[in-house]
Amino acid sequence: MNTNTITKKTELLIILILFLFSNIFGQFSQETGLFPIKNFKPKDYGDASPQNWDIVQDQRGILYFANDDGVLEYDGIEWRLEPVDNESTVRSLAIDDNGIIYVGAVDEFGYLSPDSKGDLTYESLSKKLPDSLKSFKDVLYVHCMPDGVYFQTKKYIFRYYENKFTHWISKAGFHTSFKIDDRILVNEPSGELLFLYENKLHKIEGAKELKKTSIFSVQK
C-alpha cells in the first residue's frame, strides 16, 4: 500500500469522525437551554371553561386551577373538575403549610377536603356567614397567614380562624392585596395603601401619591 493511499484513508477517517462529532454536538446544542414546556388547549381538559384565573401546586406536585366552572385539578395524567357549592366562577386559590387548598369564588369561598376515597371535594365556609354578609361578589385574593385565612373581595376582607370570622369593610372598595411576611398589604382605588395588622387597617403615610396608580404587584 503506497503512501498516497494511506493518506487518503486517514483523511477520510478524520472527516467521518468530525462529521459524527458535529452531529452529536449539534444535538446537544439544540437541546441546551430548552425547557420541557407543554401547552394545553381547552379541549385537553374536557368540559371546563377555557378561562383560568389562578394556579397553585400541592406537595405532591398536583396542580389546581381557578376556572370559570370550578377548581380544575391536574395530576399529570388526568384532569378533574370540582365545582363550588353555588357553581360560580372560581377566581382565586391559596394553599397553606398543611396542604389545605382554599378557594375564592363569586359569593362563595371554602376549601378542598378529601372524601372517603381520597378525592378532594369542596367544603363551603361562606355558608357560615350571617345572611347580611353573604353577598360579596368576587373573592379576588386568598392569603394563608399564621393567624388565619384571608378572603379579599371588593367590599370586605374576611378572616377565618379557629372556626370564627372577622371582617373589615371598605367604603371606597378594596382593589388588590398582597401577603408581606405576617401582614396583609391592601390598596384602595382612592389611593390609600393599608397594612392589615393586629386586627386593624393601618394607613401608610405618603401613599396618596399613588392615587392615580393601580397596584398589581408588590416585591419585598
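What counts, and where the lines are drawn
In every chain, residue numbers begin from 1 and rise along the written sequence. Note on the predicted model: pLDDT of at least 70 is required for a residue's local features to be given, and 80 or more for side-chain atom pairs to be given and counted; whole-chain, interface and lining totals, by contrast, use all residues. As a rule here, side-chain values come from all non-hydrogen atoms in the structure, and water together with hydrogens is ignored. At least two bridges found by DSSP between two strands is the condition for calling them paired. Per the convention used, a helix needs a DSSP run of H or I reaching at least four residues, while a strand needs a run of E reaching at least two, with both numbered from the N terminus. Between the N-to-C directions of two axes lies an angle of 0 to 180 degrees, each axis being a line fitted to C-alpha atoms and, for a helix, fitted only over the stretch in contact. The definitions used throughout rest on a 1 Å grid laid over the protein atoms alone, on which a cavity is an enclosed set of points accommodating a 1.4 Å probe that cannot get out and a pocket is an open set flanked by protein within 12 Å on both sides along at least five of seven lines; lining residues are those having an atom within 4 Å of a point. Grid points are joined across faces, edges and corners, and a volume is the space filled by probe spheres set on the points. Under the grouping applied here, Gly and all other residues not named as nonpolar or charged are polar, the nonpolar ones being Ala, Val, Leu, Ile, Met, Phe, Trp, Tyr, Cys and Pro and the charged ones Asp, Glu, Lys and Arg. What counts as a salt bridge is simple: a side-chain nitrogen of Lys or Arg found within 4 Å of a carboxyl oxygen of Asp or Glu. Only protein chains enter the calculation, and the probe is 1.4 Å; a residue is then buried if its accessible area is under 20% of its type maximum, exposed if over 50%, and partly exposed in between.

## Side note on the sheet that holds strand β15 (residues 193-197)
Consideration 1: Taken together, the 4 strands give an open sheet; going across it, the order is β13-β14-β15-β16, and neighbouring strands pair in antiparallel fashion. In this open sheet, the two edge strands, each paired with only one partner strand, are β13 (176-180) and β16 (200-203). Geometrically, the sheet is characterised by an average inter-axis angle of 30 degrees between neighbouring strands, direction not taken into account.
Consideration 2: Relative to β15, strand β14 (residues 183-187) runs antiparallel, the two being bridged by 4 bridges.

## Comments concerning the layout of surface pockets
Consideration 1: Size it by volume and the largest pocket reaches roughly 300 Å³.
Consideration 2: What lines the largest pocket is a set of 16 residues, and nearest its centre among them are Asp96, Tyr102, Met145, Gly148 and Val149.
Consideration 3: Residue assignment for the lining of the largest pocket shows that the elements contributing at least two residues are β9 (141-145), β10 (148-152) and β11 (156-161).
Consideration 4: Here the residues of the lining of the largest pocket sort into 9 nonpolar, 3 polar and 4 charged.

## A short note on empty space enclosed by the protein
Consideration 1: Under the counting rule described, the total for this entry stands at 1 cavity of 30 Å³ or more.
Consideration 2: Around the largest cavity sit Tyr64, Val71, Glu73, Arg80, Leu81, Glu82, Leu112 and Leu120, which together line it.
Consideration 3: Put simply, the parts of the chain that give the lining of the largest cavity at least two residues each are β3 (70-74) and β4 (79-82).
Consideration 4: For the lining of the largest cavity, the element with the most residues is β4, which contributes 3 residues.

## Notes on the pattern of salt bridges
Consideration 1: Tallying each qualifying case throughout the model produces 6 salt bridges.
Consideration 2: In this structure, aspartate 147 engages arginine 159 in a salt bridge whose closest nitrogen and oxygen atoms are separated by 3.4 Å. Here aspartate 147, found in the loop between β9 and β10, pairs with arginine 159, found in strand β11; they are 12 residues apart in sequence, far enough to count as distant.
Consideration 3: Beyond isolated ion pairs, a larger network of salt bridges with shared partners links Glu73, Arg80 and Glu82.

## Examining the pairing of β14
Consideration 1: The element β14 is largely enclosed, with a buried count of 4 among its 5 residues.
Consideration 2: Bridging between β13 and β14 involves 5 bridges; their strand directions are antiparallel. Residue serine 177 lies in a different strand from β14, and its bridge partner there is valine 186.
Consideration 3: Hairpin connection from β13 to β14: 2 residues lie between these consecutive antiparallel strands, with aspartate 181 at a positive phi of about 55 degrees.

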